[in-house]
Amino acid sequence: MPDDADLCLDKASDFELATLDRYAKARLDEILPESIATGMEKGAVICRDPCSGKLSTTPVRTGETKHTVAVPTYEPNCGCPERTVPVAYYHTHPSEAGGQTAVPGARVASDFSDDDKDIARDYGLIAYIAQRDGSMWRYSPPVRVFFLNGVRTLQDESDARQAKEPVLLNLKVATKAKR
Ligand SMILES: [Zn+2]
């Protein structure tokens, strides 16, 4: 018998960005209201089962200091369960854009901070953020990963040089808790 993972190789490269966008929005809907209420960032990694295409999330982390949250990208498989593949990470920006951060002279980003983009590049993950006003952004790092025969693979070098700007999505994240 082939290994289970071998049975789904044909489906492994299917990847729908719109599906990922909606999944990230639903997760951000769950965490942005409380993040705004406490002023602390929240976030996690999105994992994908290459057999079923099913998306899941690692447990949500909450920042211990303002303006940062440690999503588990530095853990094995970015904190995703075995037999799933990390595909994206998401977090909240509960502070007003343009406000002062703890770092002298540094301002709250109106979309992704440089650190946010670095994480996306370093781990080949698509990044999502929800801002205080409910706007949602996607950043696709210049070096993207794709799934070839179930294996996470870096994009062709020639594509990697095309730097991409963050995209403001036409999705509004909930900013108030549901009763
Ligand atoms: Zn951020």
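Residues numbered from 1 in each chain as written. Predicted model: local features only at pLDDT ≥ 70, side-chain atom pairs only at ≥ 80, totals over all residues.

Under an unreviewed UniProt entry, the name given to the protein chain is DUF4329 domain-containing protein, and the organism recorded is Neoroseomonas alkaliterrae.

Chemist: Explain the overall build of the protein chain residue by residue, including any values.
Modeler: In terms of regular secondary structure, the protein chain is built from 3 helices and 9 strands. Along its sequence from the N terminus, the protein chain presents helices and strands in the succession α-β-β-β-β-α-β-β-β-β-α-β. Of all 179 residues assigned to the protein chain, the portion counted as buried reaches 31%. In the protein chain, once contacts between residues fewer than 6 apart in sequence are set aside, the share between residues at least 24 apart is 64%. (Helix = DSSP H or I, 4+ residues; strand = E, 2+ residues; numbered from the N terminus. Buried ≥ 20, exposed ≤ 12 C-beta atoms within 10 Å, placed from the backbone. Contact = placed C-beta atoms within 7 Å.)

Chemist: Describe in detail the confidence of the model for the protein chain, supporting the description with residues and values.
Modeler: Mean pLDDT for the protein chain: 82, with 79% of residues reaching 70 or above. When mean pLDDT is taken per element in the protein chain, strand β2 (residues 55-57) scores highest with 97 and helix α3 (residues 157-160) scores lowest with 53. Confidence drops under pLDDT 50 across residues 9-14; counting only partners more than four residues distant or on other chains, this segment forms 13 contacts. (pLDDT = per-residue confidence, 0-100.)

Chemist: Kindly report on unusual backbone geometry, identifying the contributing residues and their values.
Modeler: A positive phi angle, near 55°, is found at N77, a position not held by glycine. Inspection of the secondary structure assignment puts N77 in the loop between β3 (61-62) and β4 (85-93). Here R83, not a glycine, exhibits a phi torsion of approximately 70°, which is positive. Among the secondary structure elements, R83 is positioned in the loop between β3 and β4. For R83, a count of 14 C-beta atoms within 10 Å puts it in the partly exposed group.

Chemist: Tell me about the environment of R27, and please be specific about residues and values.
Modeler: The residue R27 is located in helix α1 (residues 17-38) in this model. Owing to 24 C-beta atoms within 10 Å, R27 belongs among the buried residues under this scheme. Sequence-wise, R27 and Y90 are 63 residues apart; in three dimensions their C-alpha atoms are separated by 8.4 Å.

Chemist: Give me helix α2 (residues 114-123): which residues, what numbers.
Modeler: Every buried residue belonging to α2 is among D116, I119 and A120, and all of these are buried. Buried residues along α2 cover an arc of 95° about the axis, so they all sit on one side. Those residues of α2 that are exposed and aimed more than 90 degrees away from the buried face are D114, D115 and D122. Looking at the buried side of α2, the elements it contacts are β4, β5 (126-131) and β6 (135-139). Count one or two residues on from α2 and you reach G124, which has phi positive near 65°. (Arc of directions from axis to C-beta.)

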